[in-house]
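Structural characterization, general
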Amino acid sequence: AYVINQPCIGTKDTSCVEVCPVDCIHPTPDEPDFDTAEQLYIDPEECIDCDACVEACPVDAITPEDQVPPEWQQYIEINAAFYRNR
Ligand code: SF4
Ligand code: F3S
């Protein structure tokens, strides 16, 4: 699965949402929790590793799970945890 890392915080550009073919990035701008969400998150159970979101993100927030930099390792769990609470 792919992971949204720290640069999304404060940006939430949402270009990734528009290009994801399986709609596994949430919350989207039309969901009630979008305004309060610190960042967006990729559902690790639904992501098909297509790579489309990586190029779409203007702040390079997204990486494959096995390429998350050391300082952002916690974001693997942060993305997954969002979906356990939905
Ligand atoms: Fe969606 Fe593809 Fe990005 Fe996974 S890699 S979140 S399927 S756009
Ligand atoms: Fe965030 Fe980049 Fe998507 S800033 S909302 S991961 S396009």
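Structure shown above.
So, how was this worked out
- Residues numbered from 1 in each chain as written.
- Chains lettered and ligands numbered in written order.
- Predicted model: local features only at pLDDT ≥ 70, side-chain atom pairs only at ≥ 80, totals over all residues.
- Heavy atoms only, no water.
- Phe/Tyr/Trp six-rings, centres within 6.5 Å; stacked < 30°, edge-to-face > 60°.
- Helix = DSSP H or I, 4+ residues; strand = E, 2+ residues; numbered from the N terminus.
- Buried < 20%, exposed > 50% of the residue type's maximum accessible area, 1.4 Å probe, protein only.
- Near = heavy atom within 4 Å.
- 1 Å grid on protein atoms, 1.4 Å probe; cavity = no way out; pocket = protein on both sides within 12 Å on 5 of 7 lines; lining within 4 Å.
- Sits in = over half its atoms within 2 Å of the grid points.
- Nonpolar A, V, L, I, M, F, W, Y, C, P; charged D, E, K, R; others polar.
- Salt bridge = Lys/Arg side-chain N within 4 Å of Asp/Glu carboxyl O.
- Polar contact = N/O pair within 3.5 Å; in protein donor to acceptor, adjacent residues only side chain to side chain.
- Contact = heavy atoms within 4.5 Å.

**A closer look at the packing of aromatic side chains**
- Within the structure shown, the criterion is met by two aromatic pairs.
- When the ring of tyrosine 41 is compared with that of phenylalanine 82, the centres are 4.4 Å apart and the planes differ by 20 degrees; the resulting orientation is stacked. Pair noted here: tyrosine 41 is in strand 3 (residues 41-42) and phenylalanine 82 is in helix 3 (residues 74-84), with a separation of 41 residues, a long-range link.
- Judged by relative accessible area, which is 9%, tyrosine 41 ranks as buried.
- Pairing phenylalanine 82 with tyrosine 83 gives two aromatic rings, centres 5.1 Å apart and planes at 85 degrees, and the pair type is edge-to-face.

**Observations concerning the site of ligand 1**
- For ligand 1, the set of nearby residues contains 13 residues, the closest of which are Cys20, Cys47, Cys50, Asp51 and Cys53.
- Most atoms of ligand 1, that is more than half of them, are within 2 Å of grid points of the largest cavity.
- Grouping the constituent residues of the shell around ligand 1 by class yields eleven nonpolar, no polar and two charged.

**Considerations on the pattern of salt bridges**
- Enumeration over the complete set of coordinates arrives at three salt bridges.
- The shortest N-O distance in the salt bridge between aspartate 33 and arginine 86 comes to 3.5 Å. Placement of aspartate 33 in the loop between strand 2 (25-26) and strand 3 and of arginine 86 in the segment after helix 3 is noted, with a sequence separation of 53 residues between them.

**So, the side chain of glutamate 31**
- Within the fold, glutamate 31 resides in the loop between strand 2 and strand 3.
- Residue classification places glutamate 31 among the buried positions, given a relative accessible area of 18%.
- Polar side-chain contacts of glutamate 31 include one of 3.2 Å to the side chain of arginine 86.
- Those residues in contact with glutamate 31 that sit more than four places away from it in its chain are His26 and Arg86.

**Some points on the side chain of threonine 14**
- Tracing the sequence through the fold places threonine 14 in the loop between strand 1 (2-4) and helix 1 (15-19).
- Non-local contacts of threonine 14, meaning those with residues more than four positions away in its chain, are made with Pro29, Phe34 and Leu40.

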